[in-house]
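This is what each chain is made of:
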Amino acid sequence: MDDAGELHLAVCRRFGAAVAAADGKWDRRSPCDAWDARGVLEHVIGFHDVLLLRPLALKPDRPRDVPHLRWQLTYDSLQVALRSRRAAQLDASAVLPNLTRDVLIHTWDLARAVGADDRLDPAWCQFFYARLPTDPQTLSASLIFNAAVAVNSEADVQARLLARLGRDPYWC
């Protein structure tokens with residue numbers, strides 16, 4: 001597997017830690033206005049299904065009412081997809097950078113929603129922050145992200161990344 005695949009699985013494992021911490025807290029609101037904690041999980045699962053797993057015929061049969069198992073089965077299928085030659089069929093390298101960034105940000109969303117450890121790996125944050133468009137309006141113009149949130153100049157890279165992607169890094 002290439003570096004992009006390894007990074008994606010590592011970020012997904014970190015998301016899995018937030019999923020584990022969410023047990024019994026799935027109805028809590030999240031920094032994503034439209035979703036509660038369960039909605040964040042389902043969004044992350046859904047994007048993996050649409051972009052990677054269904055096209056590779058690897059979408060798992062998941063129980064509807066066991067959120068942590070839904071994620072574990074998704075992660076297991078991702079390992080198969082990314083650690084085999086199957087992902088090359090889709091040119092996963094074109095999809096993975098944005099998908100990985102999405103999972104990283106939603107890791108924070110979920111952890112924040114359920115009161116779990118919301119610290120993200122600073123190297124991952126720096127990696128994705130450095131790859132954002134230089135014009136902050138570009139992201140909000142896509143209608144995928146909210147407008148950038150202002151943070152002070154001393155904010156750490158995690159706060160700067162979250163803010164550029166339209167999150168209030170101090171949300172609670």
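### Quick word on the UniProt feature "domain: Mycothiol-dependent maleylpyruvate isomerase metal-binding" (unreviewed entry) in the protein
Working step 1: Using the residue numbers shown here, the UniProt feature "domain: Mycothiol-dependent maleylpyruvate isomerase metal-binding" (unreviewed entry) corresponds to residues 10-102.
Working step 2: End C-alpha to end C-alpha, residues 10-102 measures 13 Å, and it is 60% helix and 0% strand.

### Here we look at the environment of Gly-46
Working step 1: Counting through the fold element by element, Gly-46 comes out in helix α2 (residues 37-53).
Working step 2: Its relative accessible area of 25% is what places Gly-46 among the partly exposed residues.
Working step 3: For the pair Gly-46 and Ser-30, spaced 16 residues apart in the sequence, the C-alpha separation amounts to 17 Å.

### Considering the side chain of Ser-77
Working step 1: Summarising the element assignment, Ser-77 is placed in helix α3 (residues 67-82).
Working step 2: Residue Ser-77 is classed as buried on the basis of its relative accessible area, which comes to 11%.
Working step 3: What Ser-77 contacts, discounting residues up to four positions off in sequence, is Leu-53, Leu-58 and Pro-60.

### Things to note about the state of the cysteines
Working step 1: Taken as a whole and assessed by the stated rule, the structure comprises zero disulfides.
Working step 2: Cys-12 takes part in no disulfide bond, and the closest cysteine sulfur to it belongs to Cys-125, at a distance of 15 Å.
Working step 3: Considering cysteine sulfurs only, Cys-32 is the nearest to Cys-172, which forms no disulfide, with 16 Å between them.
Working step 4: By relative accessible area, Cys-172 is classed as exposed at 75%.

### Quick notes on the pattern of salt bridges
Working step 1: Evaluation of the coordinates by the stated rule reveals eight salt bridges.
Working step 2: Salt-bridge contacts for Glu-6 lead to Arg-83; the nearest nitrogen and oxygen are separated by 3.8 Å. Note that Glu-6 is positioned in helix α1 (residues 3-21) and Arg-83 in the loop between α3 and α4 (92-114), a separation of 77 residues in sequence.
Working step 3: On the accessibility criterion, Arg-83 (44% relative accessible area) is partly exposed.
Working step 4: A salt bridge links Arg-70 to Glu-42; the nearest nitrogen and oxygen atoms lie 2.8 Å apart. Of this pair, Arg-70 sits in helix α3 while Glu-42 sits in helix α2, and the two are 28 residues apart along the sequence.
Working step 5: Where salt bridges share partners, they join Arg-38, Glu-42, Arg-64 and Arg-70 into one cluster.

### What about a nonpolar patch on the surface?
Working step 1: On the surface, Phe-47, Val-50 and Leu-51 cluster together to form a nonpolar patch covering roughly 250 Å² of accessible area.
Working step 2: Secondary-structure assignment places Leu-51 in helix α2.

### Considering the layout of surface pockets
One simple way to see leftover space: roll a probe sized like a water molecule over the atoms.
Working step 1: Roughly 570 Å³ of volume is contained in the largest pocket.
Working step 2: What lines the largest pocket is a set of 23 residues, and nearest its centre among them are Asp-102, His-106, Ile-144, Phe-145 and Arg-167.
Working step 3: Per-element tally for the lining of the largest pocket: the top contributor is α4, with seven residues.
Working step 4: Here the residues of the lining of the largest pocket are counted per class, giving 13 nonpolar, five polar and five charged.
Working step 5: Taken as a whole, the second largest pocket holds about 220 Å³ of empty space.
Working step 6: Residue lining of the second largest pocket: twelve residues in total, with Asp-2, Leu-82, Ser-84, Ala-87 and Ala-88 positioned closest to the centre.
Working step 7: It is α4 that contributes the most residues to the lining of the second largest pocket, three residues altogether.
Working step 8: Classifying every residue of the lining of the second largest pocket gives six nonpolar, three polar and three charged.

The rules behind the values
Residues numbered from 1 in each chain as written. Predicted model: local features only at pLDDT ≥ 70, side-chain atom pairs only at ≥ 80, totals over all residues. Heavy atoms only, no water. UniProt positions renumbered as here; feature names shortened; annotations may be inferred. Helix = DSSP H or I, 4+ residues; strand = E, 2+ residues; numbered from the N terminus. Buried < 20%, exposed > 50% of the residue type's maximum accessible area, 1.4 Å probe, protein only. Contact = heavy atoms within 4.5 Å. Disulfide = S-S within 2.5 Å. Salt bridge = Lys/Arg side-chain N within 4 Å of Asp/Glu carboxyl O. Patch = residues over 30% accessible without salt bridge, like charges linked within 9 Å, V, L, I, M, F, W, Y side chains within 5 Å. Areas by Shrake-Rupley, 256 points an atom, 1.4 Å probe, with all protein chains shown as cover. 1 Å grid on protein atoms, 1.4 Å probe; cavity = no way out; pocket = protein on both sides within 12 Å on 5 of 7 lines; lining within 4 Å. Points joined across faces, edges and corners; volume = space filled by probe spheres on them. Nonpolar A, V, L, I, M, F, W, Y, C, P; charged D, E, K, R; others polar.

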